[in-house]
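Below, each chain spelled out in residue letters.
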Amino acid sequence: MIKIFCLTSGRTGTKYLSYLFKNNIENCISKHEPPPNMFGKSIYWYQNGDKDKIKELFKIKLEKINNYNVNLYVETNHSFLKSFSDVAIEFFPDMKLVHAIRDPLKVAKSNFNRYEQLRKIRYPLNYRGDDGKKYIKWTLTGNEEIYKFLNFNNKTIYQISDEDKIYQYFILEWIETEKRAIDFLNKYNKHNDCYILDVPKDLNNAKKVKDMFNFFNLKMKRREITFKGNKNKGKKKTIVTEHEKNLFNETISKLPKSYLKIFKDKPYVDFKWGNIFSKY
């Protein structure tokens, strides 16, 4: 059985991506956020280095995957890099990967809009870490090293009310996630097993989707791509303001070059928005 996981941040079309595999590939199980979804406490454990706790939870997922009688298992979500990537590759060293990348300003704005939307309807967003603090289920903890450079002072996003600061929180999360993606590919020598998607453009491009399927040697159900499936759309359009562009530049300017050097290379320099890192 081929196993495919995603290297990606939130708000990058991963729900729709799961439908592209499900609707087009023979003998395939494709899931977006199957239980256990490895958000929440798993992210906290990753930051604290509690790999054994993550592994115990992952074993439930492992049993489910191994019980599927299919040729292909696909899981598309952003908890992979936030919590269980190093555990998953222990059990699936031959895994394949999709690196889905979206403009960081739009990712941050989309995350911001979704967070504000869910807070307004009092959706159950949080969990308590072992330190007693409240954390948001799908975000990084705020205790990661990258947050120290903007003086977050170990505040979780749950504790922040300033909208500018929340937007910057999600910018830093995107950078940290992309850094983890490249670190993962380098550490496990997985560049040749990874297909890169420019989101959202490539998700609607039949030629690109077919190329991805061919890259993984997958057999399609029919000749033409079926483009249908649910999208995890927010209520607000993702429109980045000039103020938010300035916040992005302010955020980037305070980070050490070690966090930014990956963006001077492929695949980032090939994206339409790739030049936003050029002056740093």
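Everything here concerns the structure above.
So, here's what we can say about the structure. (Residues numbered from 1 in each chain as written. Predicted model: local features only at pLDDT ≥ 70, side-chain atom pairs only at ≥ 80, totals over all residues. Heavy atoms only, no water.)

1. Points about the overall build of the protein chain
1) Next: What the protein chain contains, in helices and strands, is 8 helices and 7 strands.
2) Next: For 280 residues, the compact-globule formula gives about 19 Å, and the C-alpha radius of gyration of the protein chain, at 18 Å, lands near that figure.
3) Next: Counting only C-alpha atoms, the protein chain reaches 50 × 40 × 40 Å along its principal axes.
4) Next: Of all 280 residues assigned to the protein chain, the portion counted as buried reaches 54%.
5) Next: Long-range contacts, defined here as pairs at least 24 residues apart, represent 75% of the contacts in the protein chain between residues at least 6 apart.
6) Next: A total accessible area of about 13,500 Å² is found for the protein chain, and carbon and sulfur atoms account for 45% of it.
7) Next: Once the 54 positive and 33 negative side-chain charges of the protein chain are each reduced to a mean point, those two points are 5 Å apart. (Helix = DSSP H or I, 4+ residues; strand = E, 2+ residues; numbered from the N terminus. Rg over C-alpha atoms; globule rule 2.2 N^0.38 Å. Buried < 20%, exposed > 50% of the residue type's maximum accessible area, 1.4 Å probe, protein only. Contact = heavy atoms within 4.5 Å. Areas by Shrake-Rupley, 256 points an atom, 1.4 Å probe, with all protein chains shown as cover. Lys, Arg positive; Asp, Glu negative; His and termini not counted. Charge placed at Lys NZ, Arg CZ, Asp CG, Glu CD.)

2. Side note on the sheet that holds strand 4 (residues 96–102)
1) Next: Taking strand neighbours across the sheet as the criterion, the 5 strands line up as 2-3-1-4-7 in an open arrangement whose pairing is parallel. Pairing within the sheet leaves two strands with one partner each, and these edge strands are strand 2 (28–31) and strand 7 (194–199). Ignoring which end each strand starts from, the neighbouring axes of this sheet average 15° apart.
2) Next: In terms of strand pairing, strand 2 meets strand 3 (residues 72–75) through 4 bridges, oriented parallel. From the neighbouring strand, Cys28 faces strand 3, where its bridge partner is Leu72.
3) Next: Packed on one face of the sheet, helix 4 (residues 79–91) meets strand 1 (2–7), strand 3 and strand 4 and runs near 130° to strand 1. (Pairing = 2+ DSSP bridges. Axes fitted to C-alpha atoms, helices over the stretch in contact; angles between N-to-C directions.)

The values are spatial; any link to function lies outside them.
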